[in-house]
Each structure stands twice: as C-alpha cells, then as structure tokens.
Amino acid sequence: DSGVTQTPKHLITATGQRVTLRCSPRSGDLSVYWYQQSLDQGLQFLIQYYNGEERAKGNILERFSAQQFPDLHSELNLSSLELGDSALYFCASSVGPDNQPQHFGDGTRLSIL
Amino acid sequence: GESVGLHLPTLSVQEGDNSIINCAYSNSASDYFIWYKQESGKGPQFIIDIRSNMDKRQGQRVTVLLNKTVKHLSLQIAATQPGDSAVYFCAEDTKAAGNKLTFGGGTRVLVKP
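Looking now at the overall build of chain B. The secondary structure content of chain B amounts to zero helices and ten strands. For a compact globule of 113 residues, the expected C-alpha radius of gyration is about 13 Å, and chain B comes in at 14 Å, within 12% of that figure. Dimensions of chain B, computed from C-alpha atoms along their principal axes, come out at roughly 45 × 25 × 20 Å. Residues classed as buried in chain B amount to 42% of the 113 residues present. Across chain B, the fraction of contacts at a sequence separation of at least 24, relative to all contacts at a separation of at least 6, is 55%. Of the roughly 5600 Å² of accessible surface on chain B, a fraction of 47% belongs to carbon and sulfur atoms. Positive and negative side-chain charges of chain B, numbering 12 and 10 respectively, have mean locations separated by a distance of 1 Å.

Set out below in structure tokens:
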C-alpha cells in the first residue's frame, strides 16, 4: 500500500460529460502529480501541484483542470469528455517538489461510452 | 519530444535466475532516474532511484546502473521470484524541464517456475 488514495476506482460515463477524480496524498507529502495511462500513449505526465500551487505542467488538455486544496488533497476535473479520454488516471505524491520518489495510487479507470 | 525506451519487450526468466531490464533515455539533461514495477490492476510501485552523480545503486535484491555516456539505465533483479512478474518502467526527471517524470514504454517480466 503506497499510502496514496484515489477515488473512485472505476468511472463510466458518456461523451460530453464532466467528471472529478479525487486524490489524497501520503501523509506528509506536499506534492501531488497526475498522470494518464493509455494503451497507445503509455504513462503521460499531466500536472503537478506543490503545497497548493501549480508547479509543472505536461501534456494536459485545456478541457482538463486540477487543483490542490489546503488539506493537500487534489482533484482532477475532466470536461467535455471524448472517447479518447478513456484511460487510467493515476495520482502520485512526494515529500518535496523536485527529484524525489513519487508514490502512486492504484488509479481511477475512466470509461467513456 | 522526449522519449524513454518506447518499447514493451517481454523478458522471460527462470525462477532463481537473475534478470536484467534495460532502458534507453534520450534527454542528456536528465538528472534523476527511477524504476517502477506495475502489477495488473495496480499503480506503479517505486523500486529504486538513482541520481545523475552516481553510476550504481543497490537495494534489496535490486541494482540500478546508470551509464550517462550512452544514456542507458538498467535494473538487475537477483534471484528472480514469481512475485517479480510485472511490467517494469524506467522514468527520467529533468529538473530544468519542470520536474515532470517521463516514462518509458515498459518491459514485461514473466517468471517461469
């Protein structure tokens, strides 16, 4: 158990809809990262927050947004969903902001019908 | 763009033998590297990391070697066990690029009893 908690484990929705994925980092970790894992793209970094502030951005679509709250949990919002958004979404956390081991949750599997 | 070992080969290993998993990275500015293990239905699990000022690091039954000259990373697993069967990913982190892990495509390890 990595200590990172993601909810829900599975999400099934339709095109055009909006969903929110939630992540609770390990106790003591200030940095949260979001990744997308799909069969054709592998694991792709989306965005990083550190102590409530956005720190790094990857290939995150404009339809996607995230935030980190004062209690350090984070949410990833996906809107105007398309079939191609079907994937596993992972959250990871680390103590500090740079060059540190990132510990992953077990992901949310998003299926768009 | 950046790429880290974008292939998914399969390594078949006899139980008790040593395994060597290789990874090529493309960004010579990368300064931190991590190996992850991912089992079916779970998130990537941290195995071992190494910084660019080192060329070897050992953990429990695992050794990571870094060759910056040829941009090559390897993970050695001693006395491979059935529980080692999983997909293994290498990942690189480039602080100057905004601290985003870039993952390779992964290697599937199958341990034969």
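For the rest of this paragraph, the subject is the interface of chain B and chain A. Accessible area lost when the parts come together is the quantity often used to give the size of an interface. Counting residues at the interface gives 20 residues for chain B, matched by 19 residues for chain A. Carbon and sulfur atoms supply 52% of the area that chain B and chain A bury against each other, a total of about 1600 Å² over both sides. Across the contact surface, chain B and chain A share zero salt bridges. Where chain B packs against chain A, one counts six residue pairs in polar contact (both at pLDDT 80 or more).

Take the sheet that holds strand β3 (residues 19-24) of chain A next. Remark on secondary structure: sheet strands pair via backbone hydrogen bonds, oriented parallel or antiparallel. All names here are of chain A. The antiparallel open sheet is built from four strands, whose spatial order is β1-β3-β8-β7. For this open sheet the edge positions go to β1 (5-7) and β7 (64-68), each flanked by a neighbour on one side alone. The sheet shows a mean angle of 15° between the axes of neighbouring strands, taken without regard to direction. By the bridge criterion, five bridges tie β7 to strand β8 (residues 74-78) in an arrangement that is antiparallel. From the neighbouring strand, Gln-68 faces β8, where its bridge partner is Ser-74.

Bringing the nonpolar core into the picture now. Within the largest apolar cluster, 21 residues are counted, with the highest numbers of intra-cluster contacts made by Val19(A), Leu21(A), Trp34(A), Leu76(A), Leu78(A), Tyr89(A) and Leu110(A). Put simply, the parts of the chain that give this core at least two residues each are β3, β4 (31-38), β5 (42-50), β7, β8, β9 (87-94) and β11 (108-112) of chain A. Core analysis: the second largest hydrophobic core is formed by 19 residues, Cys23(B), Tyr25(B), Val64(B) and Ala86(B) among them.

Turning to the sheet that holds strand β6 (residues 62-67) of chain B, a few remarks are in order. All names here are of chain B. With antiparallel pairing, four strands are arranged side by side in an open sheet as β2-β7-β6-β5. For this open sheet the edge positions go to β2 (19-24) and β5 (56-58), each flanked by a neighbour on one side alone. Going across the sheet, the axis of each strand differs from the next one's by a mean of 15°, ignoring polarity. Pairing between β6 and strand β7 (residues 72-77): six bridges, direction antiparallel.

Below, the discussion takes up the pairing of strand β2 (residues 10-13) of chain A. Residue and element names in this part refer to chain A. Where burial is concerned, the two faces of β2 differ: the one with Leu-11 and Thr-13 is buried and the one with His-10 and Ile-12 is not. Bridge analysis of β2 against β11 gives four bridges, and the strand direction is parallel. Its bridge partner being in β11, Leu-11 is matched across the sheet by Leu-110.

The subject of this paragraph is the confidence of the model for chain B. Interpretation of this model should avoid reading the predicted coordinates in detail wherever pLDDT is low. Per-residue confidence for chain B gives a mean pLDDT of 90, with 90% of residues at or over 70. Per-residue pLDDT stays below 50 along residues 1-6 of chain B; that stretch engages in 23 contacts with residues further than four places along the chain or on separate chains.

Analysis parameters
Residues numbered from 1 in each chain as written. Chains lettered and ligands numbered in written order. Predicted model: local features only at pLDDT ≥ 70, side-chain atom pairs only at ≥ 80, totals over all residues. Heavy atoms only, no water. Helix = DSSP H or I, 4+ residues; strand = E, 2+ residues; numbered from the N terminus. Rg over C-alpha atoms; globule rule 2.2 N^0.38 Å. Buried < 20%, exposed > 50% of the residue type's maximum accessible area, 1.4 Å probe, protein only. Contact = heavy atoms within 4.5 Å. Areas by Shrake-Rupley, 256 points an atom, 1.4 Å probe, with all protein chains shown as cover. Lys, Arg positive; Asp, Glu negative; His and termini not counted. Charge placed at Lys NZ, Arg CZ, Asp CG, Glu CD. Buried area = accessible area lost by both parts, 1.4 Å probe. Salt bridge = Lys/Arg side-chain N within 4 Å of Asp/Glu carboxyl O. Polar contact = N/O pair within 3.5 Å; in protein donor to acceptor, adjacent residues only side chain to side chain. Pairing = 2+ DSSP bridges. Axes fitted to C-alpha atoms, helices over the stretch in contact; angles between N-to-C directions. Core = buried A, V, L, I, M, F, W, Y, C linked by side-chain atoms within 4.5 Å. pLDDT = per-residue confidence, 0-100.

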